[in-house]
Amino acid sequence: MPISLFRVVLTGSMVAQVAHTYTQVNVPSPFMYKNIDPIVFPGQYSKSHLHSFFGSDAVTINTNTSATLQEGCTNAENPNDLSIYWVPTLLYTTDSGSTYEPVPVSRFSAYYNLGETQAEVAIPQNLKIVAGDSNATTASASPADAKVSWFCEGDSGIAVDANGFPSSTCSTHLQTFLYFPQCVNNGTLETAYKSKSYGTSNYCPTGYSSMSQLRFSIRYDLRKALPNGWSGTAPLKLTCGNSFCSHGDFINGWTEEAATNMIATTAAKQTYSSVDGSLRKSGDTMSCTPTDADPDNGTSDYAESVSVMSRRSVLSFGYESRSRLTRSVRNRA
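Residues numbered from 1 in each chain as written. Predicted model: local features only at pLDDT ≥ 70, side-chain atom pairs only at ≥ 80, totals over all residues. Heavy atoms only, no water.

### Some details on helix α4 (residues 302–310)
Stated precisely, the cut-off is as follows: Summary of the burial criterion: residues with accessible area below 20% of their type's maximum are buried, those above 50% are exposed, and those between are partly exposed, where the area comes from a 1.4 Å probe applied to protein chains only. Helical segments are the DSSP runs of H or I of at least four residues, strand segments are the runs of E of at least two, and each set is numbered from the N terminus. The directions considered for the arc are those from the helix axis to the C-beta atoms. In what follows, residue pairs with any heavy atoms lying within 4.5 Å of each other are defined as contacts. Counting of polar contacts relies on pairs of N or O atoms within 3.5 Å, with two restrictions inside protein: one atom must be capable of donating a hydrogen and the other of accepting it, and residues adjacent in sequence are counted only when both atoms are side-chain atoms.
Among the residues of α4, Y302, S305 and V308 are the ones counted as buried. End-on view of α4: buried residues confined to an arc of 120°, all on one side of the axis. Projecting away from the buried face of α4 at angles above 90 degrees are the exposed residues A303 and S310. Along its buried surface, α4 packs onto β5 (90–92) and β15 (236–238). Two or three places before A303, at the opening of α4, D301 has a side-chain oxygen 3.3 Å from that residue's backbone nitrogen.

### What about the nonpolar core?
The cut-off we apply is this: The definition of a nonpolar core used throughout is a set of buried Ala, Val, Leu, Ile, Met, Phe, Trp, Tyr and Cys residues joined through side-chain atoms within 4.5 Å.
If you look at the biggest cluster of nonpolar residues, it comprises 51 residues, and the most contacted ones within it are Y85, L90, Y112, Y220, L222, L236 and W254. In this view, L222 contacts Y92, V103, L174, P227, W230 and L236; residues no more than four positions away in its chain are not counted. Grouped together as the second largest cluster of nonpolar side chains are 12 residues, I39, F53, V59 and L69 included.

### Remarks on the sheet that holds strand β8 (residues 128–132)
Applicable threshold: We treat two strands as partners when DSSP finds at least two bridges between them. Simply put, an axis is a line fit to the C-alpha atoms, just over the touching stretch for a helix, and the angle between two N-to-C directions goes from 0 to 180 degrees.
The 5 strands are arranged β2-β3-β4-β16-β8 in an open sheet whose pairing can be described as antiparallel. Two strands in the sheet have a free side with no partner beyond their single neighbour: β2 (32–34) and β8. Going across the sheet, the axis of each strand differs from the next one's by a mean of 20°, ignoring polarity. In terms of strand pairing, β2 meets strand β3 (residues 51–55) through 3 bridges, oriented antiparallel.

### Quick notes on the state of the cysteines
What counts is decided by this rule: By disulfide we mean two sulfur atoms from cysteines, separated by a distance within 2.5 Å.
Throughout the structure, instances matching the rule amount to 4 disulfides. Disulfide pairing places C183 opposite C204 at an S-S distance of 2.1 Å. When the S-S torsion is -80°, as for the bridge of C183 with C204, the disulfide is left-handed. Of the two residues, C183 sits in strand β11 (residues 183–184) while C204 sits in the loop between β12 (191–192) and β13 (209–210), which places them 21 residues apart along the sequence. In this structure C183 comes out as buried when scored by relative accessible area, which is 0%.

### Let's talk about the pairing of strand β9 (residues 149–152)
Side chains S149 and F151 project from β9 onto one buried face, and the interleaved W150 and C152 project onto a second face that is buried too. Here β9 pairs with strand β10 (residues 174–179) via 4 bridges, running antiparallel. If you follow F151 over to β10, its bridge partner there is Q175.

### Topic: the sheet that holds β12
Overall, antiparallel pairing links the 3 strands, which are arranged β12-β11-β13 in an open sheet. Both outer strands of the open sheet, β12 and β13, are each paired with one neighbouring strand and no more. Where β11 meets β12, 2 bridges bridge the pair, whose relative direction is antiparallel. Across the sheet, the residue bridging to V184 is T191, located in β12.

### Structural notes on unusual backbone geometry
The backbone phi angle of S96 is positive, close to 60°, even though this residue is not glycine. Position of S96 among the secondary structure elements: in the loop between β5 and β6 (101–102). Judged by its relative accessible area of 79%, S96 is exposed. Unusually for a residue other than glycine, Y203 sits at a positive phi of about 65°. With respect to the helices and strands, the residue Y203 is situated in the loop between β12 and β13.

### Notes on the pattern of salt bridges
Quick reminder of the rule: Each salt bridge in this description consists of a side-chain nitrogen of Lys or Arg and a carboxyl oxygen of Asp or Glu lying within 4 Å of one another.
Counted under the stated rule, the structure contains 3 salt bridges. Salt-bridge contacts for E153 lead to R219; the nearest nitrogen and oxygen are separated by 2.9 Å. Note that E153 is positioned in the loop between β9 and β10 and R219 in strand β14 (residues 213–220), a separation of 66 residues in sequence. On the basis of relative accessibility, which here comes to 13%, the residue R219 falls in the buried class. D221 is paired through a salt bridge with R223; the nearest N and O atoms lie 3.0 Å apart. A residue is classified by how much of its surface remains accessible, and R223, at 42% relative accessible area, is partly exposed.

In structure tokens:
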């Protein structure tokens, strides 16, 4: 339920107001770029734009269970988290749009926040969530509850361009936030954002329980890619379009023990607590190297992914981020 207007966060002080985290999983970089989407286009190649994948390398076009992900290797800095996280790939151009390359990722962080009310249940096994709208082309079309924002970390006073990106060079990192639903129906695995309008003690719809709220925070480093910076329209785009189409996907791969341990850490908003489990402690990493589980299908090349999609008749599916089962079909202009 959209309850506020889209706002682009610009200053460090404003960031601090929304960043109430209790546990965090960092991933240094994507282990894979690929034109697949197991939630929106399961089992279908050549229909998805290019995505950046972080976490368990067991993911394929058909992945839909936590157990599958838990058989993989993760590049997350918590071996108990074998979830898969993905976002549309951010691209840059140095030749006025003739060619595009992925922007280097400095760090992907998955924050699990207290939110408005304390978590009552663990994030369920097999949970799949989408936040944002891949078809949004304006700020008003982006779901307000997802709180999509793009800003220069640590900089102030930088306006955004018509595409929603900072209009001048970032002194350090380009950063983005994205918030996910934090209410879940354990029977159906449908999700929703919290709202006082529901009239329940946990701010969730009747029959739903409060769980930890997932937030993506991604830092991109453009200093080497664009050493001369920019002024005016940023030479950037997402593989789905401008910044307003920003969205993210998540399939839970936390071990059941660790997911349960996460509940206790929601007692305080601003106190960091690590989440440990049977697969060692938070901060440990696996000794394996994540690789593409299905290298013979799909592509990691942006230009090729566009060419493949242009040869198909593809409906534009956009998931409302409050529910993984609510789908709105829009035609692109």
